[in-house]
Amino acid sequence: MRDEVDELIEAWARERSDLDLGPVSVFSRISRLAHHVDRARRQAYAAHDIEPWEFDVLAALRRAGAPYELSPGRLLRETLVTSGTMTNRVDRLASRGLVERHPDPSDRRGVLVRLTPEGKEAVDGAFTALLEAEKELLVGVSTQDQRELAGLLRRLLVPFGA
């Protein structure tokens, strides 16, 4: 079985036989696959009328478990964005009725961001659609190969930390 990366590597090997092209064989495929995954995710989210950034925030709240709320600081850590960006995102999600702000009972000055029933419905639908799309991308890969691939990718990601 051959793909376009094989052709790319052959061309580089012909032009630069002095280089080890092993990394290109891995990362060019990851890059191309990321493009397909990104497209599938955007379609899954769009089918439920949410943007990728909205899914990130809503999913963080959903994963928190009932009552599906987190402090803005915790949301920052979960989604890896700046404070100003998170404030803007929560404002926009609140204006759409997908989240609400509530006083933090353990901190008089703090607030908690809580998923609304509409937000829960949107994120649950988008996540279900996402899983179906990602299963389609893996259709030719056995369960055992998926586990092995996940382990190999984990090895690549662990050095980067959280």
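The name given to the protein in an unreviewed UniProt entry is MarR family winged helix-turn-helix transcriptional regulator, with Nocardioides vastitatis as the source organism.

Turning to the packing of helix 3 (residues 52-63) against helix 4 (residues 72-79), a few remarks are in order. Where helix 3 meets helix 4, the closest approach of the two axes is 10 Å, and the angle between their N-to-C directions is 115°. By the criterion of interaxial angle, the relationship of helix 3 to helix 4 is roughly perpendicular. Read as a crossing pair, helix 3 and helix 4 show a hand that is right-handed. Judged by residue contacts, D56, V57, A60, L61 and R63 of helix 3 engage L75, E78 and T79 from helix 4.

Examined bridge by bridge, strand 2 (residues 99-104) and strand 3 (residues 107-115) share six bridges and lie antiparallel to one another. Within strand 3, the position partnered with E100 by the bridge is R114. Where strand 2 folds back on strand 3, the antiparallel hairpin that results is connected by two residues.

The rules behind these values
- Residues numbered from 1 in each chain as written.
- Predicted model: local features only at pLDDT ≥ 70, side-chain atom pairs only at ≥ 80, totals over all residues.
- Heavy atoms only, no water.
- Axes fitted to C-alpha atoms, helices over the stretch in contact; angles between N-to-C directions.
- Helix = DSSP H or I, 4+ residues; strand = E, 2+ residues; numbered from the N terminus.
- Parallel < 35°, antiparallel > 145°, perpendicular 65-115°, else oblique.
- Left-handed = near helix turned anticlockwise from the far one by under 90°.
- Contact = heavy atoms within 4.5 Å.
- Pairing = 2+ DSSP bridges.

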